[in-house]
Amino acid sequence: MPYPEIMIHGMRAELAQLGIEETKTPEAVKEAVENTDGTLMVVVNSVCGCAAGGVRPGIAMALQNSSVKPDRAITVFAGADIDATDTAREYFTGYAPSSPSIAFLRDGKLVKMFERRDLEGRHPAIIAEALVEAFNETSGAEQAAIA
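Position numbers for residues count from 1 along each chain, tracking the sequence in the order it is written. In keeping with the model being predicted, local features are shown solely for residues with a pLDDT of at least 70 and side-chain atom pairs are shown and tallied solely at 80 or more, while totals for entire chains, interfaces and linings include all residues. Derived side-chain values reflect all non-hydrogen atoms in the structure, with water molecules and hydrogen atoms excluded from consideration.

Caption draft 1: Highlighting the overall build of the protein chain. Secondary structure counts use DSSP, requiring at least four H or I residues in a row for a helix and at least two E residues in a row for a strand, with both numbered from the N terminus. Looking only at helices and strands, the protein chain has 6 helices and 5 strands in total. In the protein chain, the succession of helices and strands from N to C terminus is α-β-α-β-α-β-α-β-β-α-α. The globule rule puts the C-alpha radius of gyration for 147 residues at 15 Å, and the 14 Å found for the protein chain is close to it. Taking the principal axes of the C-alpha coordinates as reference, the protein chain spans close to 45 × 30 × 30 Å. Across the protein chain, every contact between residues at least 6 apart in sequence was considered, and the portion connecting residues at least 24 apart equals 73%. Under the convention used here, a 1.4 Å probe and the Shrake-Rupley method define accessible areas, while residue burial counts only the protein chains that appear. Summed over its atoms, the accessible surface of the protein chain is roughly 7200 Å², and 52% of this surface lies on carbon and sulfur atoms. Within this scheme the basic residues Lys and Arg register as positive and the acidic residues Asp and Glu register as negative, but His and the chain ends are omitted. Think of each charge as sitting on NZ of Lys, CZ of Arg, CG of Asp or CD of Glu. Side chains of the protein chain carry 13 positive and 21 negative charges; the gap between the two charge centres is 3 Å. Two things to know: the radius of gyration comes from C-alpha atoms, and the globule rule equals 2.2 Å times the number of residues to the power 0.38. Throughout, a residue-residue contact means that at least one pair of heavy atoms, one from each residue, lies within 4.5 Å.

Caption draft 2: Inspection of the packing of helix α2 (residues 26-34) against helix α4 (residues 82-90) at higher detail. Between α2 and α4, the least distance of the axes is 7 Å, while the angle of their chain directions is 30°. Classified by the angle between their axes, α2 and α4 sit roughly parallel to one another. Crossing of α2 over α4 shows right-handed handedness. Between α2, through P26, V29 and K30, and α4, the contact on the second element is made entirely by D83, A84, T87 and A88. Three classes are used, and their members are as follows: Ala, Val, Leu, Ile, Met, Phe, Trp, Tyr, Cys and Pro are nonpolar, Asp, Glu, Lys and Arg are charged, and the others, Gly among them, are polar. When grouped by side-chain class, the residues that make up the contact of α2 with α4 number 4 nonpolar, 1 polar and 2 charged. Interaxial angle, 0 to 180 degrees, is taken between N-to-C directions of lines fitted to C-alpha atoms, where a helix line uses only the stretch in contact. Note that the term roughly parallel is reserved for angles under 35 degrees, roughly antiparallel for angles over 145, roughly perpendicular for angles of 65 to 115, and oblique for everything else. Note on convention: near helix rotated counterclockwise from far helix by under a right angle means a left-handed crossing. Clockwise means right-handed.

Caption draft 3: Seen up close, a negative patch on the surface. On the surface, a cluster of negative charge is contributed by E27, D83, D86 and E90. No other element matches α4, which puts 3 residues into the negative patch. Following the sequence through the fold, D83 ends up in helix α4. Note on exposure labels: buried denotes an accessible area under 20% of the residue type's maximum, exposed denotes more than 50%, and partly exposed covers the range between, all computed with a 1.4 Å probe on protein chains only. In this structure D83 comes out as exposed when scored by relative accessible area, which is 52%. Think of a patch as exposed residues, more than 30% relative accessible area, with no salt bridge, where like charges cluster within 9 Å and nonpolar side chains (Val, Leu, Ile, Met, Phe, Trp, Tyr) cluster within 5 Å. When a carboxyl oxygen of Asp or Glu is within 4 Å of a side-chain nitrogen of Lys or Arg, the pair counts as a salt bridge.

Caption draft 4: Expanded view of the pairing of strand β5 (residues 109-114). Inspection of the sheet shows strand β4 (residues 101-106) paired to β5 by 5 bridges, in the antiparallel sense. Bridge pairing in β5 places I102 opposite F114. Any two strands are treated as partners once DSSP identifies two or more bridges connecting them. Between the end of β4 and the start of β5, which pair antiparallel, lie 2 residues, with D107 showing a positive phi angle near 55°.

Caption draft 5: Quick look at a nonpolar patch on the surface. On the surface, Y3, I6 and M7 cluster together into a nonpolar patch covering about 340 Å² of accessible area. Note that M7 resides in helix α1 (residues 5-16). Given a relative accessible area of 42%, M7 falls into the partly exposed group.

Caption draft 6: A look at the confidence of the model for the protein chain. Per-residue confidence from the prediction method is given by pLDDT, with values spanning 0 to 100. Summing up the model confidence of the protein chain, the mean pLDDT is 94 and the portion of residues at 70 or higher is 95%. Confidence over residues 142-147 falls short of pLDDT 50; this stretch has 7 contacts with residues more than four positions distant or in other chains.

Caption draft 7: Up close: the sheet that holds strand β1 (residues 21-22). Strand order in the open sheet formed by 5 strands is β1-β3-β2-β4-β5, with mixed pairing between adjacent strands. Strand pairing shows two members of the sheet lacking a second neighbour, β1 and β5, which therefore form its edges. Looking at chain direction, strand β2 (residues 39-45) and strand β3 (residues 72-77) are connected through 6 bridges and run parallel. Across the sheet, the residue bridging to V43 is T75, located in β3. With respect to the sheet, helix α3 (residues 49-65) is in contact with β2 and β4, its orientation differing from that of β2 by roughly 160°.

Spelled out as structure tokens, the structure:
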């Protein structure tokens, strides 16, 4: 049974305010994966304390402080957008379900993955630093060629 929307609304809003698209259905996830030119960042949001204390603030810091960013970013909410989350996880080849988590896909293929174990207990600044590195690894060459 999914979390009540009233309980998670604020947690969703934290990422939406950063310009990260909410994908609440399997179709929306598939559309994003299949129709994104370049790098797609997929955030599996969660109600857990590590999402609130580290992951969402870390994502905000990374997006605000990096000149290189993914071409598109979407989010699913584990425990709420159940079918959409399952669909997103189908693209995370070789990784067990984990929330929160952050994946980077290019042409529908996973190129970088942060599982809960990579995020849990980390300070937002440490998460932001790792994400900026991931932005550069997964998006840097393409963006540099455009500049």
